[in-house]
Amino acid sequence: MTPRTGSPRAAGARPAQPTVQDGAAALNEVLEAVPFACAAFDRATGALVASNSRFEGDLGTLPGFAQRDALLATLYGDLTGDARGEEVRAPGSGRWYALHWRDLDCGTRALSLLTAVDISERIETLDSHKSQQEKLLFTSRMMSVGEMAATLAHELNQPLAAIVNYLNGSLRLVDQAGGPVQVERALQAARTQAEHASAVIARVREFVRAREPRRDAQELPLIVDTVLELLRLEAERQQLRIELALAPGLPAVYADRVMVEQVLLNLVKNAIEAMREVPAAQRGLRIEARVNLDGEVEVRVCDRGPGLSQAESEQLFSPFYTTKSDGLGIGLAICRSIIEYHEGRLFFEAREGGGSVFGFTLPPPDRRL
Ligand SMILES: Nc1ncnc2c1ncn2[C@@H]1O[C@H](COP(=O)(O)OP(=O)(O)O)[C@@H](O)[C@H]1O
Ligand SMILES: [Mg+2]
């Protein structure tokens, strides 16, 4: 590449006293040699004095391009929140430019020189790099969930143990020639547990095989009912009141039902476990659901346990973090993967009056269609 210097072709024809037009023509030629969109504006009036063809092709198509302030209004005006410092996005073409302003004194004229470097590719690379990283993070979470799936079998011990208890109880009832109604109820309860356990196993298998989970419109109150039914015995054993506060007319959520049941079950189990040492009279579990300000359905599980210190709350979601002798420490990590998969948010906050709140959000189905 040979750098262009001045304009040897015009040299011979130049008159002794350069005119204003000549000055503009020379300036045009200099600008033309700049490999970026480039334009000179009169400093006093803001009027366009000279520009190169890149400018004409790119920014020269924008409304008000011939006036510095009008051009800036176009570039910055309807871009609130979208401008990155001196990096602006041109409306229409959507291309990104880095703007540089320089004062330039050209003979008697005071000019402002604008260079606009097209940085769209760089921005796109950055953006796609960012989303690649997000994908990577998500995949690695998914993988750790996959690895943990084996351990998850442990979580299934509880419903399975409950099934055995129910069955033993039923046998005893039969033995004592008890009423068939009770037998039936016990068997139904056993079946609920068994069905849930196998649904979980099936779903985890699917999950690990990285097949798309099935998401469709789900009624949250039904999910809450299923989970409460699974925990009813446990709650009775601990003399625990479960208070429900589901806002009326909740919209459906776009979710995989079994996965969300698993999340809620984990959170409620943690809440119950957190209140093991709390005197019965002070135990209080409350499940709330409402539509939040972003239009998402927000579910909150509130307990009256000891709450969490700052240090504890920072580790909560790390896999294998547990403070329980019989804990696995994967419940919350799995909950987070599931909720993030659903484009929701899992959060923790201190509960007013003592205890903790664990909650999550789920998008309504209309956002997905
Ligand atoms: N509701 C809660 N109140 C206080 N601490 C909690 C609560 N839920 C979870 N935690 C803390 O987070 C840790 C991790 O929870 P989790 O991932 O479900 O694993 P695990 O229940 O097996 O310990 C728990 O051991 C406990 O220290
Ligand atoms: Mg747990």
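Keep in mind the model is a prediction, meaning the values are calculated, not measured.

**Here we look at the site of ligand 1**
Reasoning step 1: Residues in contact with ligand 1 amount to 19 residues; listed here are only the nearest, Asn270, Asp303, Thr322, Thr323 and Lys324.
Reasoning step 2: Between ligand 1 and the protein, one listed contact pairs an oxygen atom with a side-chain N or O atom of Asn270 at 2.8 Å.
Reasoning step 3: Within the backbone of Gly329, a nitrogen or oxygen atom sits 2.8 Å from an oxygen atom of ligand 1.
Reasoning step 4: Alone, ligand 1 offers 530 Å² of accessible surface; in the complex the protein occludes 93% of this.
Reasoning step 5: When residues of the shell around ligand 1 are traced back to their parent elements, those giving at least two are α8 (257-274), α10 (331-341) and β12 (356-362).

**A few points about the nonpolar core**
Reasoning step 1: Formed by 41 residues in total, the largest nonpolar core has its most connected members in Leu220, Leu264, Leu267, Val268, Leu285 and Phe360.
Reasoning step 2: When residues of this core are assigned to their parent elements, the largest contribution, nine residues, is made by α8.
Reasoning step 3: With residues up to four places along the chain from it excluded, the contact list for Leu267 reads Val301, Leu332, Cys335, Leu346, Phe358 and Phe360.
Reasoning step 4: Core analysis: the second largest hydrophobic core is formed by 14 residues, Phe41, Ala90, Tyr97 and Ala116 among them.

**Some points on the sheet that holds strand β7 (residues 242-246)**
Reasoning step 1: If you walk across this open sheet you meet the five strands as β7-β9-β10-β12-β11, and the pairing is mixed. This sheet does not close on itself; its edge strands, each paired only once, are β7 and β11 (346-350). The sheet shows a mean angle of 15 degrees between the axes of neighbouring strands, direction not considered.
Reasoning step 2: Taken together, the five bridges between β11 and β12 define a ladder with antiparallel strand orientation. Opposite Phe348, over in β12, you have Phe358 as the bridge partner.
Reasoning step 3: Each of β7, β9 (285-291) and β10 (297-302) touches helix α7 (residues 220-237); the most contacted strand, β7, lies at about 175 degrees to it.

Cut-off values and rules
Every chain's residues receive numbers from 1 upward, in the order its sequence appears when written. Here chains are named by letter from A upward and ligands by number from 1 upward, in the order in which they appear as written. Given that this is a predicted model, residues contribute local features only at a pLDDT of at least 70 and side-chain atom pairs are listed and counted only at 80 or more, while totals for whole chains, interfaces and linings are drawn from all residues. Excluded from the side-chain calculation are hydrogens and water; included are all heavy atoms of the structure. Proximity criterion: a residue is near a molecule or strand once any of its heavy atoms comes within 4 Å of it. In protein, a polar contact means a hydrogen-donor-capable atom and an acceptor-capable atom, both N or O and within 3.5 Å, with residues adjacent in sequence counting only if both atoms are side-chain atoms; elsewhere, any N or O pair within 3.5 Å suffices. Surface accessibility in these figures is a Shrake-Rupley result with a 1.4 Å probe; residues are shielded only by whichever protein chains are displayed. Helix and strand definitions here come from DSSP, where helices need a minimum of 4 consecutive H or I residues and strands a minimum of 2 consecutive E residues; each element is numbered from the N-terminal end. Buried Ala, Val, Leu, Ile, Met, Phe, Trp, Tyr and Cys residues that are joined via side-chain atoms within 4.5 Å together make up what is termed a nonpolar core. Each residue gets one of three labels from its accessible area relative to the maximum for its type: buried under 20%, exposed over 50%, partly exposed in between, using a 1.4 Å probe on protein chains only. Should any heavy atoms of two residues lie within 4.5 Å, those residues are counted as being in contact. Only strands that DSSP links by at least two bridges are regarded as paired with each other. For helices, the fitted axis covers only the stretch in contact; all axes are lines through C-alpha atoms, and the angles between them, taken along N-to-C directions, range from 0 to 180 degrees.

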